[in-house]
Amino acid sequence: MASIYSTSSHKPSISSSSSISKHASADLSGSVYLIDGNGRMLNLPIPSTSPRDPLNWTVFKRARAFFAMIFYAIVGLTIVQAPSLLFGGLAKEFKPQDTAPFEIVHLISAPTFFMGLGAFIWIPLSVAVGRRPVFLLCTIVTLLTTLWAGLAGSFYQLLIAVSFLGLAEGMSTSLVLHMVIDLTFIHQRPLFIAMMWSLVGFFNLTIMSFIPQMTTGLHWRPFYYLWTIPSLFSVLFAFFFFPETYYMRPAVAFNGHVLVQSSTEKICIYEDWEEVPGGKLLPETPPISKLGGFTRQLRFWGTTRGGWRAMLSCYPQILLCFLNPLIFWVTVLQAIVFASMLSIGETYAMVLSAPPYNLSMKTTAFVNLAGGFGALLALPLAALSISWVSKRLAMSNNGVKDAEHYLPAFILPITTGAASSVLYGLTLHFHLSAFLVYFSYFLNSFAFVTLATASTLWVTEAFPRWAAAALVNVFGLGYMASFAISFAIRPWVEKQGYLAVNLEIAGAILLVGGVVVPVAFWGKRFRGVLEGRWSHWGVWEAGALRPR
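Analysis parameters
- For every chain, the first residue of its written sequence is number 1, and the numbers climb from 1 along that sequence.
- A pLDDT threshold of at least 70 governs which residues receive local features in this predicted model, and a stricter bar of 80 or more applies before side-chain atom pairs are shown or counted, although totals over entire chains, interfaces and linings include all residues.
- For side-chain calculations, the full set of non-hydrogen atoms in the structure is used, while hydrogens and water are omitted.
- A run of H or I in DSSP counts as a helix once it spans at least four residues, and a run of E counts as a strand once it spans at least two, with each numbered from the N terminus.
- Note on classification: 1.4 Å probe, protein chains only; a residue is buried when its accessible area is under 20% of the maximum for its type, exposed when over 50%, partly exposed between these limits.
- Any two residues having at least one pair of non-hydrogen atoms within 4.5 Å are treated as being in contact.
- Areas reported as accessible are Shrake-Rupley estimates using a 1.4 Å probe. Residue values count occlusion only from the protein chains shown.
- Here an axis means a line fitted to C-alpha atoms, over the contact stretch when the element is a helix, while the angle between two N-to-C directions is reported on a 0 to 180 degree scale.
- Roughly parallel means an angle under 35 degrees; roughly antiparallel, over 145; roughly perpendicular, 65 to 115; everything else is oblique.
- Each crossing gets its hand from how the near helix is turned against the far one by less than a right angle, where anticlockwise is left-handed and clockwise is right-handed.
- Residues enter a patch when their relative accessible area is above 30% and they make no salt bridge; the linking distance is 9 Å between like charges and 5 Å between nonpolar side chains (Val, Leu, Ile, Met, Phe, Trp, Tyr).
- Here, a salt bridge means any Lys or Arg side-chain nitrogen found within 4 Å of an Asp or Glu carboxyl oxygen.
- To estimate how far a helix should extend, the number of its residues minus one is multiplied by 1.5 Å.
- Each Phe, Tyr or Trp ring (for Trp, its six-membered ring) is paired with any other whose centre lies within 6.5 Å, and the angle between the two planes then decides the class: stacked below 30 degrees, edge-to-face above 60, tilted in between.
- We call a charge positioned above a ring when the Lys NZ or Arg CZ atom is no farther than 6 Å from the ring centre and deviates by at most 35 degrees from the ring normal.
- Polar contact is the term for a pair of N or O atoms within 3.5 Å; when the atoms are in protein, one must be able to donate a hydrogen and the other to accept it, and sequence-neighboring residues count only if both atoms are side-chain atoms.
- Nonpolar cores were defined as sets of buried Ala, Val, Leu, Ile, Met, Phe, Trp, Tyr and Cys residues, with membership established by side-chain atoms within 4.5 Å.
- Confidence per residue, as judged by the predictor, is encoded in pLDDT with a range of 0 to 100.

## Focus on the overall build of the chain
Each helix and strand in the chain was counted, giving 22 helices and five strands. In the chain, buried positions account for 57% of the 548 residues. Put simply, 82% of the contacts in the chain that link residues at least 6 apart link residues at least 24 apart. Of the roughly 22200 Å² of accessible surface on the chain, a fraction of 70% belongs to carbon and sulfur atoms.

Written out as structure tokens, the structure reads:
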């Protein structure tokens with residue numbers, strides 16, 4: 001049996017044992033032979049002939065699926081973040097006696113906690129029932145709770161509604177990333193993952209900057225009534241444009257051999273079907289007609305091969321990923337960068353509306369527009385730099401791409417994230433130009449998008465068997481930690497001042513981000529040790545990079 005193959009297109013070809021031995025380093029999970037001897041990028045994983053295989057879809061069909069995901073993420077995130085710009089109207093309607101024991105600010109912070117909690121629900125649930133049912137469920141929850149928020153008869157009803165909105169939106173910051181991986185080849189992921197984070201951030205922040213211009217006076221309910229319309233469209237797009245992407249790629253016969261693609265995206269080559277674990281699977285039943293195939297794609301409920309047992313197996317893996325230092329440091333770094341964003345996001349309106357700036361609410365809201373352009377700039381810089389650097393490193397490694405080749409991608413977010421905090425602190429302390437506040441948020445949004453892209457690639461490629469559990473840790477725990485941090489920002493500022501707080505945040509980013517250096521040198525060896533010790537937890541691979 002061999003473990004590596006060479007291909008220049010969708011069709012694989014078998015390499016000799018001698019050529020395979022040159023790429024022995026690719027036997028480790030997170031290391032894949034990606035570039036052949038002629039410098040050509042391989043399309044991995046190899047698509048099957050099944051119409052259910054997302055890698056076998058037409059460009060237009062995949063584009064529709066991406067559009068449905070991006071549209072929902074923008075709509076959901078805008079609705080979740082809207083209370084921060086509707087604060088005046090909410091404070092006028094709900095007096096302290098109406099909100100006790102809570103406060104109006106909990107309408108802003110509670111959804112963040114539930115976004116993190118959503119990752120613990122939606123990713124494992126998708127392993128049991130598939131991506132499409134979970135996607136549809138979240139769009140429907142968003143539609144119903146947006147309408148409920150507009151009709152809320154009390155503060156408590158509104159708080160419950162925005163909490164459910166946060167829970168549903170949690171899919172867009174966790175499960176959607178797995179759905180992007182389902183739809184892409186290995187070499188395409190930096191571009192499409194960066195596209196997801198960048199475009200959602202740009203459109204969301206741009207819309208947020210114009211909400212004060214769209215709302216009249218102190219009336220907040222019309223916003224929720226209006227956004228039931230795009231919420232309804234997100235349900236329709238999810239139903240008609242997004243087929244199921246959860247696909248267990250079967251073994252295929254080729255040139256007298258049997259090729260099995262593992263959960264870590266490697267190829268094992270067997271001489272005959274008797275050697276294949278699990279034997280030969282029965283072929284899929286083809287649809288009777290094109291209409292039958294279309295209606296099969298619209299089916300919105302079912303269970304995967306692993307079913308509910310596979311879902312339950314995700315939770316021990318989530319705990320192991322939390323204890324994994326190569327994942328934990330990314331989770332901490334993600335939380336700190338998000339804290340730097342909160343440090344600016346929770347204070348800029350108050351600072352810019354007070355002396356010496358005295359800007360109006362409509363003008364200060366354009367800080368979000370600056371952040372939107374920072375998120376947009378991250379798309380070409382993150383996608384192109386990650387792809388170019390990882391390809392060069394793989395070529396120098398005999399065509400084998402290691403997960404560590406994505407580590408240079410952390411340099412940009414670490415440096416720009418720290419710089420944004422330092423600049424913001426200095427600007428407020430010395431009362432520098434208001435432009436620098438806008439530029440600080442521009443840098444911060446750029447740092448957040450580039451970090452989210454690098455984090456997604458690193459944790460899923462370094463530990464492909466536990467990709468689902470790793471994403472839950474980084475983005476689920478990251479958002480839940482930011483919920484706790486949000487309560488500390490203002491007391492922290494009142495005690496130490498803007499300069500000290502932001503310098504401390506910048507120092508934390510550089511300190512935790514500096515872990516990338518030893519990881520780059522010894523990460524691969526440590527991954528090998530962890531893979532050996534925790535191999536028995538990889539029996540259930542329904543949540544892997546490529547489900548098995």
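Here the narrative resumes.
## As for the packing of helix 13 (residues 325-345) against helix 21 (residues 498-513)
Two numbers describe a pair of packed helices, the interaxial angle and the distance between the axes. Taken N-terminus to C-terminus, the directions of helix 13 and helix 21 make an angle of 160°; their axes are 10 Å apart at the nearest point. When the axes of helix 13 and helix 21 are compared, the pair comes out roughly antiparallel. The chirality of how helix 13 crosses helix 21 is left-handed. Judged by residue contacts, Trp329, Val332, Leu333, Ile336, Val337, Ala339, Ser340 and Ser343 of helix 13 engage Asn502, Ile505, Ala508, Ile509, Val512 and Gly513 from helix 21.

## Concerning a nonpolar patch on the surface
A contiguous nonpolar patch, built from Leu226, Ile229, Leu232, Phe233, Leu236 and Phe240 and spanning about 540 Å² of accessible area, is present on the exposed surface. In this structure, Leu226 sits in helix 10 (residues 221-241). Judged by its relative accessible area of 47%, Leu226 is partly exposed.

## Some points on helix 21
Given 3.6 residues per helical turn, the α-helix brings residues three or four places apart onto the same face. Between its first and last C-alpha, helix 21 extends 22 Å over 16 residues, near the 22 Å set by a 1.5 Å rise per residue. Taken as a whole, helix 21 has its buried residues at Leu499, Val501, Asn502, Ile505, Ala506, Ile509, Val512 and Gly513.

## Some details on the packing of aromatic side chains
How two aromatic rings sit relative to each other is given by the distance of their centres and the angle of their planes. Using the criterion set out here, one finds 31 aromatic pairs in the structure. An angle of 35° between the planes, with centres 5.9 Å apart, marks the rings of Phe67 and Phe71 as tilted. Of this pair, Phe67 and Phe71 both sit in helix 2 (residues 59-81), four residues apart, which is roughly one turn of the helix. Looking at Phe71, the relative accessible area reads 22%, which means it is partly exposed. Ring centres 5.8 Å apart and planes at 35° place the aromatic pair Phe223 and Trp227 in the tilted group. Of the two residues, Phe223 and Trp227 are both situated in helix 10; the distance of four residues between them amounts to about one turn of the helix. With relative accessibility at 5%, the residue Phe223 sits in the buried group. Connected via pairs of aromatic rings, a cluster forms that spans Phe94, Phe155, Tyr156, Trp220, Phe223, Tyr224 and Trp227. Above the face of the Phe239 ring, Arg132 is positioned so that its terminal group lies 5.1 Å from the ring centre.

## Notes on the side chain of Thr460
Secondary-structure assignment places Thr460 in helix 18 (residues 435-462). At a separation of 2.6 Å, a polar atom in the side chain of Thr460 contacts the main-chain carbonyl oxygen of Thr456.

## A word on the nonpolar core
Here is a general trend for soluble globular proteins: nonpolar side chains tend to be buried in one another's company. Within the largest apolar cluster, 144 residues are counted, with the highest numbers of intra-cluster contacts made by Met69, Phe410 and Trp458. The element best represented in this core is helix 18, accounting for 13 residues.

## Regarding the confidence of the model for the chain
One rule of thumb: low pLDDT means the predicted coordinates there are not for detailed reading. With 80% of its residues at a pLDDT of at least 70, the chain reaches an overall mean of 84. Here residues 1-26 is a poorly scored stretch, pLDDT under 50, and it has 65 contacts once near neighbours within four places are set aside; other chains count.

## Overview of the pattern of salt bridges
For the coordinates displayed, the defined rule picks out four salt bridges. A salt bridge links Arg221 to Glu93, with the nearest nitrogen and oxygen atoms 2.7 Å apart. Of this pair, Arg221 sits in helix 10 while Glu93 is found in helix 3 (residues 87-93), placing the two residues 128 residues apart along the sequence. On the accessibility criterion, Glu93 (36% relative accessible area) is partly exposed. Residues Glu461 and Lys401 are paired through a salt bridge, measuring 3.5 Å at the closest nitrogen-oxygen approach. Taken together, the residues span a long stretch of sequence, with Glu461 in helix 18 and Lys401 in strand 5 (residues 400-402) at a distance of 60 residues.

## Quick word on the side chain of Ser440
Topologically, Ser440 is positioned in helix 18. With relative accessibility at 0%, the residue Ser440 sits in the buried group. Dropping the residues within four chain positions of it, Ser440 is found in contact with Ile344, Ser420, Leu423 and Tyr424.

## Some details on the environment of Leu107
Within the fold, Leu107 resides in helix 5 (residues 106-129). Apart from residues no more than four positions distant in its own chain, Leu107 is found in contact with Pro83, Leu90, Phe155, Leu158, Leu159 and Val162.

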